[in-house]
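Architecture at a glance
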Amino acid sequence: MGGVRSGLTALALVAAAAGMPAAEEAPPPAAASLQTPILTIDQDRLFGETLWGKRVARRVEAGSAALAAENRRIEAELTAEEKALTDKRPTMPAEEFRKLADDFDARVTEFRQTQDGKARSIGRIHDAERQAFFAAALPVMAEVLRGHGAVAVLDSRAIFLSADAIDATEEMIARIDAEIGEGKDVEVPAEAEDAGGAAGSPGDAAPAPETQSGN
């Protein structure tokens, strides 16, 4: 998720109004909309507070909880097995015990690697969903940009000082929720589905897209 910070440092929807097709069902901008050449957004809020972002958060939370429960169960089983093996040690030849101990250690290592992989997969669910979100939301964001007569949308974290009036985060959240909703029908990159299977449970950064032009 480290790439998220650099993704929309300047979501330069420069001339996006000319290059992106208008969302046909979007209502015309209100006459009182602030006219400004620059808008700002908070990327994390834009994703996290939409219906789509909230769905992804629930999915990731469920996957993480399921993985944690699985970890606890397997760890309890391994702990019991280790105790039983230790109790047998005084009655076993050293060579036989060493073989059983080595087999046990190998299985513990495999368990840790497998569970770490599942945890990374859950993280990729969030990344892939976020990437799909920004790709789907871009036309809606372009409509908001056009409604304000703006030529660019900047990440508010990259700006030292700006007026609150040019922050379009809330407006874009409302428009995206209305036009895209939870995004359940939007195709998400394959690794997200693979990740969900690996985690053993249904689980939204992906990094925001790289700087976008209007083409």
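Residues numbered from 1 in each chain as written. Predicted model: local features only at pLDDT ≥ 70, side-chain atom pairs only at ≥ 80, totals over all residues. Heavy atoms only, no water.

**Brief notes about the nonpolar core**
- Ranked by size, the top nonpolar core spans 26 residues in total, and within it Leu 46, Phe 133, Met 141, Met 172 and Ile 176 carry the most contacts.
- Listed by contribution, the elements that provide at least two residues to this core are strand 2 (38-41), helix 3 (43-48), helix 4 (51-88), helix 5 (94-147) and helix 6 (169-179).
- The element that contributes the greatest number of residues to this core is helix 5, accounting for 11 residues.
- For Ile 176, the contacting residues outside a window of four places in its chain are Leu 46, Thr 50, Phe 133, Ala 137, Val 140, Met 141 and Gly 181.
- Ranked by size, the runner-up nonpolar core spans nine residues in total, among them Leu 78, Leu 85, Met 92 and Ala 101. (Core = buried A, V, L, I, M, F, W, Y, C linked by side-chain atoms within 4.5 Å. Buried < 20%, exposed > 50% of the residue type's maximum accessible area, 1.4 Å probe, protein only. Helix = DSSP H or I, 4+ residues; strand = E, 2+ residues; numbered from the N terminus. Contact = heavy atoms within 4.5 Å.)

**Considering the confidence of the model for the chain**
- Averaged over all residues, the pLDDT of the chain equals 76, while 70% of them reach at least 70.
- Counting interchain partners and residues more than four positions distant, the pLDDT-below-50 stretch residues 192-215 has 83 contacts. (pLDDT = per-residue confidence, 0-100.)

**A short note on the packing of helix 4 against helix 5**
- Two elements in contact, helix 4 and helix 5, have axes separated by 11 Å at closest approach and are oriented at 180 degrees. As the angle between them shows, helix 4 and helix 5 are arranged roughly antiparallel. (Axes fitted to C-alpha atoms, helices over the stretch in contact; angles between N-to-C directions. Parallel < 35°, antiparallel > 145°, perpendicular 65-115°, else oblique.)

**Quick look at helix 5**
- In this model, helix 5 (54 residues) spans 79 Å end to end at C-alpha, consistent with the 80 Å of a helix rising 1.5 Å per residue.
- Helix geometry: helix 5 is bent most strongly at Leu 138, by close to 45 degrees, with proline Pro 139 lying one to four residues after it.
- Downstream of helix 5 by one or two residues, Gly 149 has phi in the positive range, about 65 degrees. (Expected span 1.5 Å × (residues − 1). Bend = angle between axes of the 7 residues up to and from the residue.)

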